[in-house]
Amino acid sequence: MTENARDKWAEWLLERRFGGIDPERRKAFVDFLIPVRDRVLENAGLSGVEILLDVGAGDGLIAFGALARLGEGGRVIFTDISQDLLDHSEKLAKEAGVAERCSFLRASADDLSALGDGSVDVVTTRSVLIYVEDKQRAFAEFHRILKPGGRFSIFEPINRFSSRSYSTEASFFNGYDVTPVRDVARKVWSAYERRQPPYTDPMLNFDERDLLDLAEDAGFEEVYLDYEAEVTPGDRATWGRVHGWDTFLESSGNPKIPTMKEAMNETLTPEETERFTEYLRPLVERNERAARTASAYLWAVKGGA
């Protein structure tokens, strides 16, 4: 399969989120995600000879990290809705010599019917529920497939918190103060809101308290939550920093939305594009971007052990 034929999930995860092939942005993503992976796995309390299901495994960040922690006796099931990403991870597993300890299943978080009740010891997921419409069904599936005493560990960004600065009504655009060109910025942002309406899109319609309620309602007897939020000025904001204007234009925040360049081409006239670029480009290149981010780590234990 050629790169141009990849589905939107693989295309975004392997390229578009990095602004193409920007090595600095790729490194920044990895530097941010490795500690997230480690924390998710630590919260999962792996104990060696276990079966772990990684839901929405993507490029295998958590799944491959789990293999190293589980040791030779442990196994990992990679699931994803993207066959392209499953194929990518299977290729990596073969290259790493661990394919015999892995299995690959195309499935969504809210439909794991291919797996039997009580069939796995641990379920992990990272930044997957933001794409799931029926989150309660997903939690119910996680609970169903876990053995008694099984553990569940997740990380999710809380985009409702950051959306205050990401709106056609705000004076900030991606963290940059666009007050002087707010009329143009609102046009660009409308391209994103058409695809992901605020407060109704799965990415924006929940917060950390909802995650806690969903876990309890699914039947988990022990539930723990760590919530983190941060508001920082541009000179102190490291996560989300863009290395150059071209990377800014070619980057996409998630698989469902356009790159900045695509959104500008969709909504602006040539004159508006020139005006917007003339104002915004220096801010991007000087990293004058305020960060407003929040995230939740949740882990839980199924009763009956």
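Above this text you will find the structure in question.
Every chain's residues receive numbers from 1 upward, in the order its sequence appears when written. pLDDT decides what is reported in this predicted model: residues at 70 or higher carry local features, side-chain atom pairs at 80 or more are listed and counted, and totals for whole chains, interfaces and linings draw on all residues regardless. To obtain the side-chain values, all non-hydrogen atoms of the structure were included, while hydrogens and water were left out.

Some remarks on the overall build of the chain
For step 1, the next point in the chain: On a plain count of helices and strands, the chain comes out with 11 helices and 9 strands.
For step 2, the next point in the chain: Computation of the radius of gyration draws on C-alpha atoms, with the globule rule given as 2.2 Å multiplied by the number of residues to the power 0.38. Over its C-alpha trace the chain gives a radius of gyration of 20 Å, about what one expects of a compact globule, namely 19 Å for 305 residues.
For step 3, the next point in the chain: With the C-alpha coordinates of the chain rotated into their principal frame, the extents come out at 65 × 40 × 30 Å.
For step 4, the next point in the chain: Residue burial in the chain is summarised as follows: out of 305 residues, 52% are buried. The numbering of helices and of strands both runs from the N terminus, where a helix is a DSSP run of H or I of at least 4 residues and a strand a run of E of at least 2. Classification of residues uses two cut-offs on accessible area relative to the type maximum, computed with a 1.4 Å probe and protein chains only: under 20% is buried, over 50% is exposed, and between them is partly exposed.

Considering the sheet that holds strand S2 (residues 75-80)
Adjacent strands of a sheet pair through backbone hydrogen bonds, lying either parallel or antiparallel.
For step 1, the next point in the chain: Pairing within the open sheet is mixed, and its 7 strands lie in the order S3-S2-S1-S4-S5-S9-S8. The open sheet has two edge strands, strand S3 (102-106) and strand S8 (222-232), and neither has a second partner. With direction set aside, neighbouring strand axes in the sheet form an average angle of 15°.
For step 2, the next point in the chain: Contacts are residue-level and defined by heavy atoms, with any inter-residue pair within 4.5 Å sufficient. Lines are fitted to the C-alpha atoms to define the axes, a helix being fitted only along its stretch in contact, and any angle between axes, read from their N-to-C directions, falls within 0 to 180 degrees. Set on the sheet, helix H3 (residues 61-70) makes contact with strand S1 (51-55), S2, S3 and strand S4 (120-126); between it and S2 the angle comes to about 175°. One bridge is not enough; two strands pair if DSSP finds at least two bridges between them.

Describing the packing of helix H7 (residues 182-195) against helix H11 (residues 270-285)
For step 1, the next point in the chain: At their nearest, the axes of H7 and H11 sit 10 Å apart, and the two run at 110° to each other. When the axis of H7 is compared with that of H11, the two are roughly perpendicular. Across from Asp 183, Val 184, Ala 185, Lys 187 and Val 188 in H7, the residues of H11 making contact are Glu 272, Arg 275 and Phe 276. When an angle is under 35 degrees it counts as roughly parallel; over 145 it counts as roughly antiparallel; between 65 and 115 it counts as roughly perpendicular; any other value is oblique.

Details of the nonpolar core
For step 1, the next point in the chain: Counting 34 residues, the largest nonpolar core has Leu 53, Val 123, Phe 139, Phe 142, Phe 152, Leu 211 and Phe 220 as its most contacted members.
For step 2, the next point in the chain: Elements with a contribution of two residues or more to this core: S1, S4, helix H5 (135-145), strand S5 (146-157), helix H8 (208-218) and strand S9 (291-301).
For step 3, the next point in the chain: Discounting residues that sit within four places of it in the chain, Leu 53 has contacts with Ile 77, Thr 79, Leu 112, Leu 115, Val 120, Val 122, Val 123, Thr 124 and Ile 145.
For step 4, the next point in the chain: Remark: nonpolar core denotes a set of buried residues (Ala, Val, Leu, Ile, Met, Phe, Trp, Tyr, Cys) joined through side-chain atoms within 4.5 Å. If you look at the next biggest cluster of nonpolar residues, it comprises 22 residues, including Phe 173, Ala 191, Ala 263 and Met 264.

A few points about the packing of aromatic side chains
For step 1, the next point in the chain: The pairing test for Phe, Tyr and Trp rings, Trp by its six-membered ring, is centres within 6.5 Å, and the orientation test on the planes gives stacked under 30 degrees, edge-to-face over 60, and tilted for anything in between. One pass over the structure, following the stated rule, counts 14 aromatic pairs.
For step 2, the next point in the chain: On the numbers, 5.4 Å between centres and 80° between planes, the contact of Phe 173 with Trp 189 is edge-to-face. In this pair, Phe 173 is assigned in strand S6 (residues 172-173) and Trp 189 in helix H7, connecting sequence segments 16 residues apart. You'll find Phe 173 and Trp 189 in the same group, each marked buried.
For step 3, the next point in the chain: Through a chain of ring-to-ring contacts, three or more aromatic side chains come together here, namely Phe 139, Phe 142, Phe 152 and Phe 220.
For step 4, the next point in the chain: Against the face of Trp 12 rests Arg 17, its NZ or CZ located 5.6 Å from the ring centre.
For step 5, the next point in the chain: Any Lys NZ or Arg CZ found within 6 Å of a ring centre and within 35 degrees of that ring's normal is scored as a charge over the ring. Positioned over the ring face of Tyr 297 is Arg 39, at 3.9 Å from the centre of the ring.

Some points on the environment of Val 223
For step 1, the next point in the chain: Checked against the element boundaries, Val 223 lands in strand S8.
For step 2, the next point in the chain: Taking the C-alpha atoms as reference points, Val 223 and Ser 153, separated by 70 residues in sequence, lie 9.8 Å from one another.
For step 3, the next point in the chain: Here Val 223 is in contact with Leu 212, Ala 215, Glu 216, Leu 298, Trp 299 and Ala 300, once residues within four sequence places are set aside.

Observations regarding the pattern of salt bridges
For step 1, the next point in the chain: Salt bridges are counted wherever a side-chain nitrogen of Lys or Arg sits within 4 Å of a carboxyl oxygen of Asp or Glu. In total, this model carries 25 salt bridges according to the counting rule given.
For step 2, the next point in the chain: Here Arg 17 makes a salt bridge to Asp 59, at a shortest N to O gap of 3.4 Å. Residue Arg 17 is located in the loop between helix H1 (8-14) and helix H2 (23-44), and its partner Asp 59 is located in the loop between S1 and H3; the two are separated by 42 residues in the primary sequence.
For step 3, the next point in the chain: With a relative accessible area of 5%, Arg 17 lands in the buried category.
For step 4, the next point in the chain: Look at Asp 59 and you get partly exposed, because its relative accessible area is 23%.
For step 5, the next point in the chain: The network of salt bridges with shared partners includes Arg 37, Asp 38, Glu 42 and Arg 69.

Regarding helix H4 (residues 83-96)
For step 1, the next point in the chain: By this rule the span expected of a helix is its residue count minus one, scaled by 1.5 Å. Across its 14 residues, H4 extends 20 Å between first and last C-alpha, which sits within 8% of the 20 Å expected from 1.5 Å per residue.
For step 2, the next point in the chain: Within the sequence span of H4, burial applies to Asp 84, Leu 85, Leu 86, Ser 89 and Ala 93.
For step 3, the next point in the chain: Where H4 is buried, its residues contact H1, H3, S2 and S3.

Some points on the pairing of S1
For step 1, the next point in the chain: Where burial is concerned, most of S1 is hidden: 4 out of the 5 residues are buried.
For step 2, the next point in the chain: Across 5 bridges, S1 lies against S2 in parallel orientation. If you follow Leu 53 over to S2, its bridge partner there is Ile 77.
For step 3, the next point in the chain: Handedness of the S1-H3-S2 crossover: right-handed. Viewed with both strands pointing away, a crossover whose connecting path from the first strand over the helix to the second turns clockwise is right-handed.

Things to note about helix H10 (residues 260-267)
For step 1, the next point in the chain: Those residues of H10 lying buried are Met 260, Ala 263, Met 264 and Thr 267. Burial along H10 is one-sided: seen end-on, the buried residues are contained in an arc of 100°.
For step 2, the next point in the chain: Where H10 is buried, its residues touch S6, H7, helix H9 (245-250) and H11. The directions considered for the arc are those from the helix axis to the C-beta atoms.

None of the figures reported here should be taken as evidence of function without further support.
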